[in-house]
Amino acid sequence: MPMNPTLAARFEPIARDVADHFGTPFHLYDERGIEETCKAFADAFAGTDFREFFAVKALPNPAILAVVARHGFGFDASSPAELAAAAIAGATGEDICFTSNNTPVDEMIAALDAGALITIDDEAVLERLLTLGPPPKRLVFRLHPSASDSTLPGGMLGDAESAKFGIPADRLVPAVTLALAHGVEDVGLHLMRGSELMHAEPFSRTLATLLDLAVLLRQRTGVAVSSVNIGGGIGIPYRPGEQPFDLKGFGAALGDQLQRWAADTGQRQPRLHLESGRAVTGPHGILVTRVIHRMHKARTMIGVDAGMSALMRPALYGAYHHVTVLDGQARPTEVADVVGSLCENNDKLAVQREIPRADVGDLVIVHDTGAHGWSMGFTYNGRLRPQELLLHDDGTVSRIRRAETVADQQVTLKFPASVFPGPDNGPDPELCWT
Ligand SMILES: *Cc1c(COP(=O)(O)O)cnc(C)c1O
C-alpha cells in the first residue's frame, strides 16, 4: 500500500538529501509509525492479560527491537542469532519466547541459558530437552496445524498433511504428561495457523481450538494452561485500496472469547500471547533505490541499484510491493519491470507495473518493506545486503546497520587451515592445524 501519508510527508521532502548523505540503496524505517502500531496493539488488548512477542525474524535490527521493547513487547526468537539480537535490545528471561522447530541441541542450550520461555514443537525435541537436566518449570507446547479444522491461505505453514510444525492434537496429553512427570509445573499452548490473514475469524478459531485443548488437559492431567499463543500472521495491505486489519475489533473479539470461556468452564483465563512480525513493522519500512539504467527489450526495464537480494518477497512469492517514483506523481506513466543486477531473471522488484516514467538518477521507493525485507536478504552472486536507516520523530535519520562489504563476505575465508589426513596417514595434529 502507498506508505503511510505521515511517513511520506516527513520523508519525501528530505529523501534526496538522505540519499546523498548515506548513498543508495537503503531500507528506511519509521520510528513514529512503529510506535503508533505498538500503541494500537496495547489499545486493542486493553483489559486482556496480553503480551505481544515481536517476531525477530521480521526485522532483526536491535535498534528496532529496542523501539518495540520500550512498549513492553517481548520477542519471538528461534535461533541463537535472534536470541542475541533480542539480548542486545535488552530482553532477558521470559521477555523472549524461543519457538523451537527441529532445534539443534546447542541452540536449545543457548535458549535455556537465556532463560527464554521455550516452545516445544515435537516430542523428539522434548525428549532431547529432558536429557539436558531438569527442564524449565514452564514450557509451551506448539500444536500441529491439523489441530485446527481450518484451511488457511498463506501456504507458508503448510496444510494438515505437509506442515512440519507442532505436535498433533491427539499426542498432546502424553507429551504434557511426560513433561509434568519431569518437573514441569506450568504449561502454555501455541498454534500458528496461517500468515497474511486479513480478518480476526481464523484467529478466533485457533483460540477456540487451544481453549478446548486446555479443558482436555485440565481433565486428563490436572494442569491449568497458563498461556495461549496464537502466533503471528496478521496481514497488512500491500496493494492500494486494501483494507487494513481491524486490530481493535480483533482485540475485543479475542478478549470476549477468553472471558466467555473462563465463565463457562470456571477455569482461570490464560494469558494471551501473539508473536506478530509483519503487522508491527511491515508498513513502516521502505526500500529506497536509485535508477541506474533505462533499458528496452520486449519490455521496458527500469534498472535500479537494489534487487532481490535486498527484497526477496517479489521473486520468492510473486508478492506485490507498491512502487513509486519520488516526485513522479505528475509524470506520464509507463508499464515496466523494475530490475536489479543479479544474474537471475526473477531479480525484479515489480513486474509489468504501471509507474511514472523514471529516469536515471531518480529515486524509486518500494513500499511495505519493514518486515521480511532486509532479513530475507542474501548474498548470492556476491550481492551485498544494503544498509538500514531509522527516521526518528524529530526528522533526524540514523544509520542502524551499514551496508555489507566484499570484505564481510570474505571473512569466512580466513580461518586456521584444516586438513583431514586421509585414511592411510593416521591422525596427525600437525597436519590438521597450520
Ligand atoms: C514467522 C513467524 C511469526 C511472524 O509472522 P508474521 O507473519 O510476520 O506475523 C510468528 N511466529 C512464528 C512461529 C513464525 O514462524
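In this convention, every chain numbers its residues from 1, walking through the sequence in written order. Given that the model is predicted, a residue must reach a pLDDT of at least 70 before its local features are reported, and side-chain atom pairs must reach 80 or more before they are shown or counted; all residues, however, enter totals for whole chains, interfaces and linings. For side-chain calculations, the full set of non-hydrogen atoms in the structure is used, while hydrogens and water are omitted.

(A) Representation of the pairing of strand 16 (residues 387-391). Only protein chains enter the calculation, and the probe is 1.4 Å; a residue is then buried if its accessible area is under 20% of its type maximum, exposed if over 50%, and partly exposed in between. Counting from the N terminus, the helices are the DSSP runs of H or I reaching at least four residues and the strands are the DSSP runs of E reaching at least two. Counting buried positions over the five residues of strand 16 gives five, a clear majority of the element. Pairing geometry for strand 1 (residues 26-30) and strand 16, over five bridges, is parallel. Following the sheet pairing, Tyr29 is matched in strand 16 by Leu390. One ladder, built from four bridges, connects strand 16 with strand 17 (residues 397-401); its direction is antiparallel. In the strand pairing of strand 17, Leu391 is matched with Val397. Two strands are said to pair when DSSP picks up at least two bridges between them. Between the end of strand 16 and the start of strand 17, which pair antiparallel, lie five residues, with Gly395 showing a positive phi angle near 90°.

(B) Geometry of the site of the ligand. If you check the shell around the ligand, you find 13 residues, and the closest are Lys57, Gly233, Glu275, Arg278 and His372. Backbone polar atom of Gly233 to an oxygen atom of the ligand: 2.9 Å apart, as the coordinates give it. If the ligand stood free it would expose 390 Å²; the protein chains cover 90% of that surface. Gly is placed with the polar residues, together with every amino acid not listed as nonpolar (Ala, Val, Leu, Ile, Met, Phe, Trp, Tyr, Cys and Pro) or charged (Asp, Glu, Lys and Arg). Classifying every residue of the shell around the ligand gives two nonpolar, six polar and five charged. We call a residue near a given molecule or strand whenever any one of its heavy atoms falls within 4 Å of it. For this analysis, a polar contact is any N or O atom pair within 3.5 Å, provided that within protein one partner can donate a hydrogen and the other can accept it, and provided that sequence-adjacent residues contribute only side-chain to side-chain pairs. Areas reported here follow the Shrake-Rupley algorithm with a probe of radius 1.4 Å; residue values treat only the protein chains shown as occluding.

(C) The arrangement of the pattern of salt bridges in detail. For this analysis, a salt bridge means a side-chain nitrogen from Lys or Arg found within 4 Å of a carboxyl oxygen belonging to Asp or Glu. Tallied over the entire structure, the rule returns 22 salt bridges. We note a salt bridge from Arg290 to Asp20, for which the minimum N-O separation is 3.4 Å. Placement of the pair is Arg290 in strand 10 (residues 285-296) and Asp20 in helix 2 (residues 15-22), with a sequence separation of 270 residues. Accessibility expressed as a relative area gives 22% for Arg290, which makes it partly exposed. Among the salt bridges present, the one from Glu31 reaches Arg70, with a minimum N-O distance of 2.9 Å. Taken as a pair, Glu31 in helix 3 (residues 31-44) and Arg70 in helix 4 (residues 62-70) lie far apart in primary sequence, 39 residues in all. With a relative accessible area of 10%, Glu31 lands in the buried category. Judged by relative accessible area, which is 51%, Arg70 ranks as exposed.

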